[in-house]
Amino acid sequence: MAAAAAVVDLGGNAVDAAVAAMVVATCTEPGIVSPMGGAFVNVWPPGGDAVVIDGNCEMPGRGRSRWQRGDGTRAVSMDYSGGITVWGGAGSVATPGMFLALSQAAQQWGVVPWAELMAPAAHVVRRGYRLGATSAYYLGFAVQELFAEDPDLVSFLAQAGDPPTAGCLLRDPDLAEALDRVGREGAQDLYTGELGTALAQVVQDGGGLLGREDLAAYRTVTRPALSSQLGRWDLAVNPAPSVGGPVLTAMVRLLQRRHQEHGVVDAADLVDIQRQVLAYRRRRVDVAEDLERAGRELLDMIDAAGGSGNLVLSSSPDTVHVSTVDATGLACAITASAGYGAGVTVPGTGLALNNALGEPELNRRGMHALPAGTRLASNMAPTTARRDDGTVLAIGSPGADRITTALFQVLSGVCLDELPVQAAVDRPRLHVHVDEAGAQLVRYERCPELAETVRGLTIPTEDLDPLTMYFGGVGAALCRPDGTVTAAGDPRRAAATGVRSRG
């Protein structure tokens, strides 16, 4: 929040504020995320159409032999999130895209110089920041299992204590210097400059696929946003090959259809729609060779379902989100992820690398199965929206495959039930979990309303503590036609909100 406020004080707009806040967020939640991952930037300018900059991670391996695939990785089992197995090491590192996506957004819509947008994060990590509870919790599982083989990481994380303790002061002067360099030289230095050379070298020394050729070839992709309508609102999300955007759109279109037919929807509708869309996703989308085609087919099936509102049928929590709006009506939503972390840093820079190839839930066809240059699957779904009276919303969430279900439920509250944004965020949630075999389980936050909803289901249910991080961490910013701005943060996860006035 302080970073966003600082750039607003320099005359910055919603995009400037979002970019600066995202860099700080990715640099100050160690383990949870890092700036060396991927991101989607959703911008809806006043008087224009919403677009999404795809800066998601990409499959590396240009110029590398097929027999080298599978090298440089190690399986890591942790008790985190009920027990998971991921792959770390240099072979789990995908080509990162976040910095290039942020740079493009800043150049196209921002007004504050790039170096000024990097400065708040450099200042924070040089001065020191307090370890948050979310990071401390994750590091309690990951330090020994995933991060213990990199000397730079071991040295840095030693500041957090053993076990890692929320509130410990962490300083990272190496990362501060790297951010200063990115501010001076531009984001391209991470791809064709000195930082890019060092990045490729450490990955290839560790047996990974990412090389200088992959970095030099990486490009962001700007696409028209995928649109849908819910009540009086027009919604815009990231299109395929993202998985999150099309899945959220499918849910919203089904919900809108039911609302038009019946005039009211309830929690039972939310369960039913989740069951249909997520089951289809697991069977058809997650294992598709062509994610763009799979995303289109999912939405085509929604449209083909006709008036029934039913489909005819044939998840990393290590993500952060920033939402901003300003009084001009400019909206920006950015979601970024670096997976669970590769346990590898670029020596002397503090830049911790992603393990986007080592997330099983996003690589169901195999860790190194895709051709080099292919965008990876992603659950991220940063969303912008406009109501017919001119109200503007930016919203998004971390939370693996719960990103889409969290946003689906909050948007239902805002767009159909016309709740204040914070009330919609606070409302209890549920999530339909679909396992590898297709079996379904409804997890819900313990409360009488949802307990009544799930009581009549024919599938298993599991109640979890209220406001648990499992159900995401939605962040939203809303601007009304009179210029009044409000912000909402999720009590399920560490969040910062604020409204800044100029002058």
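This report concerns the structure included in the present document.

Some remarks on the sheet that holds strand E7 (residues 221–224)
Then step 1. On the basis of which strands lie adjacent, the open sheet formed by 5 strands has the order E7-E2-E1-E11-E10 and antiparallel pairing. Only two strands of the sheet have a single neighbouring strand rather than two, namely E7 and strand E10 (319–325). Across the sheet, the mean angle separating the axes of adjacent strands is 15 degrees when strand polarity is ignored.
Then step 2. One ladder, built from 5 bridges, connects strand E1 (residues 38–44) with strand E2 (residues 51–55); its direction is antiparallel. Residue alanine 39 lies in a different strand from E2, and its bridge partner there is glycine 55.
Then step 3. Across the face of the sheet, helix H2 (residues 14–27) comes into contact with E1, E10 and strand E11 (331–337) while running at roughly 160 degrees to E10.

Here's the deal with helix H9 (residues 194–205)
Then step 1. The end-to-end C-alpha distance of H9 is 16 Å, a good match for the 16 Å that 12 residues give at a rise of 1.5 Å each.
Then step 2. Where H9 is concerned, the buried positions are Leu195, Gly196, Leu199, Ala200, Val202 and Val203. In an axial view of H9, the angular spread of the buried residues amounts to 165 degrees, which keeps them on one side of the axis. Away from the buried face of H9 by more than 90 degrees, exposed residues Glu194 and Asp205 are located.
Then step 3. Taken together, the buried residues of H9 touch helix H7 (173–185), helix H8 (189–192), helix H10 (212–217) and strand E12 (345–346).

Examining the sheet that holds strand E8 (residues 226–230)
Then step 1. Spatially, 6 strands are ordered E8-E9-E14-E15-E19-E20 in an open sheet, and the strand pairing comes out antiparallel. Where the open sheet ends on each side, the last strands, each with one partner, are E8 and strand E20 (485–488). With strand direction ignored, the average angle separating the axes of adjacent strands in the sheet is 15 degrees.
Then step 2. Pairing of strand E19 (residues 475–479) with E20 involves 4 bridges; the strand directions are antiparallel. Within E20, the position partnered with alanine 477 by the bridge is alanine 487.

Overview of the packing of H2 against helix H3 (residues 98–109)
Then step 1. Contact geometry of H2 with H3 gives a least axis separation of 9 Å together with a crossing angle of 160 degrees. In terms of orientation, H2 lies roughly antiparallel with respect to H3. Between H2 and H3 lies a crossing of left-handed hand. Residues Val15, Val19, Met22, Val23 and Thr26 of H2 form the contact with H3, whose participating residues are Met98, Phe99, Leu102, Ala105, Ala106 and Trp109.

What to know about the nonpolar core
Then step 1. Among the nonpolar cores identified, the biggest contains 90 residues, and Phe99 and Trp114 are the most heavily contacted of them.
Then step 2. At 12 residues, H2 tops the list of elements feeding residues into this core.
Then step 3. Ignoring anything within four residues of it in the chain, the contact list for tryptophan 114 reads Val19, Phe99, Leu102, Ser103, Ala106, Val182, Gly183, Gly186 and Ala187.
Then step 4. Judged by nonpolar contacts, the second largest core, of 59 residues, contains Leu248, Leu255, Leu416 and Val474.

So, unusual backbone geometry
Then step 1. A cis amide bond, omega 5 degrees, links aspartate 162 with the succeeding residue proline 163.
Then step 2. One can find proline 163 in the loop between helix H6 (151–157) and strand E6 (169–170).
Then step 3. With an omega of 20 degrees, the peptide bond between alanine 240 and proline 241 qualifies as cis.
Then step 4. Residue placement: proline 241 occurs in the loop between strand E9 (233–237) and helix H11 (244–262).
Then step 5. Even without being glycine, leucine 467 reaches a positive phi, approximately 60 degrees.
Then step 6. Its location among the elements puts leucine 467 in the loop between strand E18 (461–464) and E19.
Then step 7. For leucine 467, a relative accessible area of 40% gives the class partly exposed.

About the thresholds
Residues numbered from 1 in each chain as written. Predicted model: local features only at pLDDT ≥ 70, side-chain atom pairs only at ≥ 80, totals over all residues. Heavy atoms only, no water. Pairing = 2+ DSSP bridges. Helix = DSSP H or I, 4+ residues; strand = E, 2+ residues; numbered from the N terminus. Axes fitted to C-alpha atoms, helices over the stretch in contact; angles between N-to-C directions. Contact = heavy atoms within 4.5 Å. Expected span 1.5 Å × (residues − 1). Buried < 20%, exposed > 50% of the residue type's maximum accessible area, 1.4 Å probe, protein only. Arc of directions from axis to C-beta. Parallel < 35°, antiparallel > 145°, perpendicular 65-115°, else oblique. Left-handed = near helix turned anticlockwise from the far one by under 90°. Core = buried A, V, L, I, M, F, W, Y, C linked by side-chain atoms within 4.5 Å.

Keep in mind these values describe shape, not function.
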